[in-house]
Amino acid sequence: MNILLLGSGGREHALAWKIAQSPRLTRLYMAPGNPGMASLGECVNLKVSDFAAIGQFALDHDIRLLVVGPENPLVDGIADYFKTTPGLSQVGVIGPTKAGARLEGSKDFAKAFMQRHAIPTARYQTFDGTQLKEGLKFLSTLEPPYVLKADGLCAGKGVLILPTLKEARKELEEMLGGMFGLASSRVVIEEYLDGIECSVFVLTDGRHYKILPEAKDYKRIGEYDCGLNTGGMGSVSPVPFATAEWMQKVEDRIVRPTVEGLAQEGIDYKGFIFFGLINVKGEPMVIEYNCRMGDPETETVMPRLSCDLVDLFEGVVAGDLDRREVSFDPRAAVNVMLVSGGYPQEYQKGFPIEGLAQVSPDAIVFHSGTAVKDGKLVTAGGRVISVTCYGRDKAEALQQAMDNVQKITYTDRYYRRDIGQDL
Ligand code: AMP
Ligand code: GLY
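The present account deals with the structure reproduced in this document. (Residues numbered from 1 in each chain as written. Chains lettered and ligands numbered in written order. Predicted model: local features only at pLDDT ≥ 70, side-chain atom pairs only at ≥ 80, totals over all residues. Heavy atoms only, no water.)

**Some points on the pairing of strand β17 (residues 283-290)**
The following threshold applies: The buried label goes to any residue with under 20% of its type's maximum accessible area, the exposed label to any with over 50%, and the partly exposed label to all in between, with areas taken from a 1.4 Å probe on protein chains only. Under the scheme used here, helices are H or I runs from DSSP no shorter than 4 residues and strands are E runs no shorter than 2 residues, and both carry numbers assigned from the N terminus. Two strands form a pair only when DSSP identifies at least two bridges running between them.
Among the 8 residues of β17, 6 are classified as buried, and the element is accordingly described as predominantly covered. Alignment of strand β16 (residues 271-280) against β17, held across 7 bridges, turns out to be antiparallel. What sits directly across from F275, in β17, is Y289. Adjacent in sequence and paired antiparallel, β16 and β17 are bridged by 2 residues, among which K281 carries a positive phi angle near 50°.

Listed below in structure tokens is the structure:
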């Protein structure tokens, strides 16, 4: 069958890498894709926000499956567009409808959903611009640090963690006053949870689900988790504290109630659910939901799936995911991201990338922000390119990833050398 994958980052490169291994695939199209993905199929110059052009392309190229990488088109209703447009309703879509994507698109919806279904999460309240007084009052009932979240999508920038009540009060005023535009017209204030984070990924057809390998990502720019938040500087899978016992708690208290809750509320959800969890004294709690895979977690999760991903996708579309096999590679995988110096603030682009030919054949290179200029591969984003390596254990995978990532060079290259060392 022909598959169209939407997106252009490292996550989509990892999805394409896995899809391309499937015997069920005839042709893989990627919109817009990136230079690293070009060897896996055909990159087509379509914007992920242009639903009409994507729909027309699907009709013209006999696309049977649309796999949506990023959250924006899902939150904007691409699954609904395909469902309701003549000729496109036959195309299977991996990604929820707009109603389901609210798990990511609205923090307030996600928190209220968790409360309705008794899913463990931090205590919270939501306030809008008319409720500043009430918000300030709620803040004073909490202990520091204070967690403020813009309700809407903010490209990962909408969460503030403030050490003092004074700063929290000031930020709340600014957020409700329009700091993140419409996205912060409502603000969730929640209790701070102390623990280590872990990302758990599930694929669901709306009734059944399969739990995929878990991963931990490294969000801060600086080593030992200091500095600004980034899109993610590396990832590790499996996560040592995610033991069978812990994962059973995750399934019983979080995954199953979420999938059942969506079905009970009549929300059509076919696709990935990303559970951003935190381990609080041995108990898993939900920090956030996302309606798509994580980046750079996908760069370790896909290499650790040893089953056919397209078979799972077919199960999602057919509603018989319970009859499909999921299996994991027992090896550990570590991904290390190379970024542009200055990122996540200002940085320069267009530097030639060297050394790819020296990377070991066992290592997997995923492109995040690269471009081809005058026939040469150059940097074209904050996160540029990453390497995933396997090992018998985490230490071996880590060593391999660090050895290989150093072979790729460009001006102002930066990466974190401490990925995985906290585990
Ligand atoms: P989110 O966008 O909701 O994932 O939040 C971004 C990051 O903020 C998370 O990955 C956590 O590191 C942190 N965070 C969010 N909510 C909380 C919380 N209630 N307690 C502690 N840390 C949090
Ligand atoms: N790695 C976190 C995310 O994709 O949101």
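**Considerations on the packing of helix α5 (residues 98-105) against helix α6 (residues 107-116)**
The packing of two helices is summarised by the inter-axis angle and the distance between the axes. This is how it is decided: The axes are straight lines fitted to the C-alpha atoms, using for helices just the contacting stretch, and the angles between their N-to-C directions are given from 0 to 180°. Here the angle decides the label: under 35 degrees means roughly parallel, over 145 means roughly antiparallel, 65 to 115 means roughly perpendicular, and every other value means oblique. Between two residues, a contact is recorded if the distance between any of their heavy atoms is within 4.5 Å.
Contact geometry for α5 and α6: axes closest at 6 Å, N-to-C directions at 95°. Between α5 and α6, the interaxial angle falls into the category roughly perpendicular. Each of A99, R102, L103 and G105 in α5 lies in contact with α6, whose residues at this interface are K107, F109, A110 and F113.

**Remarks on unusual backbone geometry**
Trans peptide bonds make up the majority, and among non-glycine residues the majority have a negative phi. The step from P144 to P145 runs through a cis peptide bond, and the omega angle for that step is -10°. Within the secondary structure, P145 is located in the loop between α7 (132-139) and β7 (146-150). Omega for the peptide link from Y343 to P344 comes to 10°, which places this bond in the cis form. With respect to the secondary-structure elements, P344 resides in the loop between β18 (332-340) and β19 (364-367). A positive phi angle is found at A118, which is not glycine, with a value near 55°. Within the secondary structure, A118 is located in the loop between α6 and β6 (124-128). Even without being a glycine, D412 presents a positive backbone phi close to 65°. With respect to the secondary-structure elements, D412 resides in the loop between α12 (394-405) and β23 (413-414).

**Observations concerning the packing of aromatic side chains**
Think of a pair of aromatic rings as described by two things: how far the centres are apart, and how the planes are tilted against each other in angle. What counts here: Two rings belonging to Phe, Tyr or Trp (six-membered ring only in the last case) form a pair when the distance between their centres is within 6.5 Å. Interplanar angles under 30 degrees mark stacking, angles over 60 mark edge-to-face geometry, and anything in between is tilted. Comment: the charge-over-ring label is applied if NZ (Lys) or CZ (Arg) is within 6 Å of the ring centre and within 35 degrees of the ring normal.
For the coordinates displayed, the defined rule picks out 12 aromatic pairs. Plain terms: the ring middles of Y81 and F82 are 6.2 Å apart, the flat faces sit at 65° to each other, and that makes the pair edge-to-face. Judged by its relative accessible area of 25%, Y81 is partly exposed. Centroid distance F201 to F274: 4.9 Å. Interplanar angle 70°. Geometry classified as edge-to-face. One end of the pair, F201, is in strand β10 (residues 196-204); the other, F274, is in strand β16, with 73 residues separating them in the sequence. With relative accessibility at 0%, the residue F201 sits in the buried group. Overall, F274 belongs to the buried group, its relative accessible area being 5%. An aromatic cluster is present here, built from F109, F113, F275 and Y289 joined pairwise through their rings. The ring of F109 carries the charged tip of R102 above its face, separated from the ring centre by 4.1 Å. For the cation-ring pair, K216 lies above Y218, with the distance from its terminal atom to the ring centre recorded as 4.0 Å.

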